Amino acid sequence: SAKNAGKNQFHFYKNEMTSEIYEKVIMKQELNDAIQNNEFEVYYQPQIDLKTNKIIGAEALVRWNHKSLGVVYPSDFISHAEETKQIIPIGEFVLKEACAFMKKLNESKILEKGIISVNISSIQIKHGNLLNKVTEELKVSKLNPANLDIELTETYIMENIQESILILNELKNLGVKLSIDDFGTGYSSLSYLKLFPIDKLKIDKSFSSSLPNDKKDVAITRSIIALGKGLEVKVIAEGVETLEQKEFLEKENCDEIQGWFYSKALKEEDFIKLVKEFN
Ligand code: C2E
Ligand code: MG
Ligand code: MG
Ligand code: MG
C-alpha cells in the first residue's frame, strides 16, 4: 500500500542519513589523524613557457598518503576538509612546503626565477587568517614574494566580489602573484575582472581536453587568450594532454601550459630530476 511504501521509503531515507553522518564523522577523525601524523605530501606539476619551451614553475598539489588506502587525491577529501575547516591546517602545510621547496630551487639555481603556484580555499580566506599566514610564510621561507603565485577559483571570486577585491589587493601589496583558477567555469562578470589586481588566468582543463576538434571549446579558448591579452595578464592552459593540444595553444599564442603531456604532479626529487633533464 501507499502507506507501507511511504514507511519503507522513510526507513530507507533514515538509514542513508545515518550512514552519511557516520561517514562524515569517520572522515573528520581520519583527517584529524592525518594532520597529526603528517600524512600529507605536496606534489609539483611543471608549468611550461610556450615561447622558450622551458619549465618556469610548478603548481603545488596536495596528496594524502593514507595508512591503508595509499595515495588519496584532493577530489576525495578537500570538500570534506573545507566543511570541517580542516583545510586551514592542511592549506598552511601546503603553503609552507611549497614556499620552502621553491626557495630551495631558486637559491640552488635549479630554477633560479621559478614561481610556485599554491591553491587557496575560500575557507582559508574567510576563517584562516590568510593574509597573516602568507606574510609569515614569506618571512620564514625567505622566498621572493614575486615567486609565489596564489590561485583562487573564479567561482570564489565572483561569488564574493567585495571580499575578493579586498583580499586580492592586500595580497598584491605583499608582492605575490595572483591567478584565477578554473577560468571559464565560474560565470565571470567581465566588467568585474578589471577590478581585480590579477596576473594570470588559468583556462580550465574542461576546455583544453577537446581541443582542437571541438569548435565551441576552440572559440572559448581563443576568447580567454584574447581577454588575457586585452587585460595584459598571462594565460595558462591546464589539462594539456596531447601534442595536438599543445600545438594549437602555441599557435594561438597562449603563454603557458600545464598538463600530462609534459608531466603529472611529481614528488620533490622527481620534479628536480625533470627540470634538470628538460631545461
Ligand atoms: P586545480 O587547481 O584546477 O588543479 C589541476 C588538477 O588537474 C590537478 O588535480 C592536476 O593533477 C590535474 N591535471 C593536471 N594536468 C592534467 C591533465 O593533463 N589531464 C587531467 N585530466 N588532469 C590534469 P588534483 O591534483 O587531483 O587536484 C584537484 C583539485 O584539488 C585542484 O584543481 C584544486 O582545486 C584542489 N587542490 C589540490 N591541491 C590543493 C591544495 O593544496 N589546497 C586546496 N585548497 N585545493 C587543492
Ligand atoms: Mg589550481
Ligand atoms: Mg584548475
Ligand atoms: Mg579546480
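Residues numbered from 1 in each chain as written. Chains lettered and ligands numbered in written order. Predicted model: local features only at pLDDT ≥ 70, side-chain atom pairs only at ≥ 80, totals over all residues. Heavy atoms only, no water.

### Focus on the side chain of Glu238
Then comes step 1: As for its placement among the helices and strands, Glu238 is situated in the loop between strand E8 (234-237) and helix H11 (243-251).
Then comes step 2: By relative accessible area, which is 9% here, Glu238 ends up buried.
Then comes step 3: When residues no more than four places from it in sequence are discounted, the contact partners of Glu238 are Glu59, Asp181, Asp182, Lys202, Ile203, Asp204, Lys205, Ser208 and Gln258. (Helix = DSSP H or I, 4+ residues; strand = E, 2+ residues; numbered from the N terminus. Buried < 20%, exposed > 50% of the residue type's maximum accessible area, 1.4 Å probe, protein only. Contact = heavy atoms within 4.5 Å.)

### Observations regarding empty space enclosed by the protein
Then comes step 1: Following the criterion strictly, the structure yields one cavity of 30 Å³ or more and no others.
Then comes step 2: Of the pockets and cavities examined, the largest cavity occupies roughly 40 Å³.
Then comes step 3: Lining the largest cavity, in full, are Ile88, Gly91, Glu92, Leu95, Ile120, Gln124, Gly128, Leu130 and Lys133.
Then comes step 4: Element by element, the count of residues in the lining of the largest cavity is highest for helix H3 (residues 87-107), at four residues.
Then comes step 5: Its residues assigned to classes, the lining of the largest cavity comprises four nonpolar, three polar and two charged. (1 Å grid on protein atoms, 1.4 Å probe; cavity = no way out; pocket = protein on both sides within 12 Å on 5 of 7 lines; lining within 4 Å. Points joined across faces, edges and corners; volume = space filled by probe spheres on them. Nonpolar A, V, L, I, M, F, W, Y, C, P; charged D, E, K, R; others polar.)

### Topic: the packing of aromatic side chains
Then comes step 1: For the structure shown, the criterion picks out eight aromatic pairs.
Then comes step 2: Each ring, one from Phe40 and one from Phe77, has its centre 5.7 Å from the other, and the planes form 45°; the classification is tilted. Of the two residues, Phe40 sits in strand E1 (residues 40-49) while Phe77 sits in the loop between strand E3 (70-72) and helix H2 (78-83), which places them 37 residues apart along the sequence.
Then comes step 3: Given a relative accessible area of 8%, Phe40 falls into the buried group.
Then comes step 4: With a centroid separation of 6.3 Å and 55° between ring planes, the pair formed by Tyr44 and Phe271 is classed as tilted. Of this pair, Tyr44 sits in strand E1 while Phe271 is found in helix H12 (residues 268-278), placing the two residues 227 residues apart along the sequence.
Then comes step 5: Given the relative accessible area of 0%, Tyr44 is considered buried.
Then comes step 6: Looking at Phe271, the relative accessible area reads 0%, which means it is buried.
Then comes step 7: What links up through ring pairs into an aromatic cluster is the set Phe40, Trp64 and Phe77.
Then comes step 8: Lying over the aromatic face of Tyr43, Arg63 brings its terminal NZ or CZ to 5.5 Å of the ring centre. (Phe/Tyr/Trp six-rings, centres within 6.5 Å; stacked < 30°, edge-to-face > 60°. Lys NZ or Arg CZ within 6 Å of the ring centre and 35° of its normal.)

### Looking at the coordination of the magnesium ion (ligand 3)
Then comes step 1: Donor atoms from the polypeptide that coordinate the magnesium ion (ligand 3) comprise Asp181 (OD), Asp182 (OD) and Glu238 (OE), at 1.9 to 2.3 Å from the metal.
Then comes step 2: On the primary sequence, the residues serving as donors to the magnesium ion (ligand 3) are separated as D-D-x55-E. (Donors = N, O, S within 2.8 Å, 3.2 Å for Na, K, Ca; no water.)

### What about the coordination of the magnesium ion (ligand 2)?
Then comes step 1: Coordination of the magnesium ion (ligand 2) by the protein is provided by Glu59 (OE), Asn119 (OD1), Glu151 (OE) and Asp181 (OD), with metal-donor distances spanning 2.0 to 2.3 Å.
Then comes step 2: Mapping the donors of the magnesium ion (ligand 2) onto the primary sequence yields the spacing E-x59-N-x31-E-x29-D.
Then comes step 3: In this model, the magnesium ion (ligand 2) sits 4.2 Å from the magnesium ion (ligand 3), the two metals being bridged by Asp181. Pair noted here: Glu59 is in strand E2 (residues 54-66) and Glu151 is in strand E5 (residues 148-153), with a separation of 92 residues, a long-range link.

### Notes on the site of ligand 1
Then comes step 1: Lining the immediate surroundings of ligand 1 are 21 residues, of which Arg63, Asn119, Asp181, Glu241 and Trp260 lie closest.
Then comes step 2: Side-chain polar atom of Arg63 to an oxygen atom of ligand 1: 2.8 Å apart, as the coordinates give it.
Then comes step 3: The protein chains hide 84% of the 800 Å² of surface that ligand 1 would expose on its own.
Then comes step 4: When each cavity is represented as a set of grid points, ligand 1 is found to reside in the largest pocket.
Then comes step 5: Elements with a minimum of two residues in the shell around ligand 1: E2, H3 and strand E6 (177-183).
Then comes step 6: The biggest single contributor to the shell around ligand 1 is E2, with four residues.
Then comes step 7: By residue class, the composition of the shell around ligand 1 is eight nonpolar, five polar and eight charged. (Near = heavy atom within 4 Å. Polar contact = N/O pair within 3.5 Å; in protein donor to acceptor, adjacent residues only side chain to side chain. Areas by Shrake-Rupley, 256 points an atom, 1.4 Å probe, with all protein chains shown as cover. Sits in = over half its atoms within 2 Å of the grid points.)

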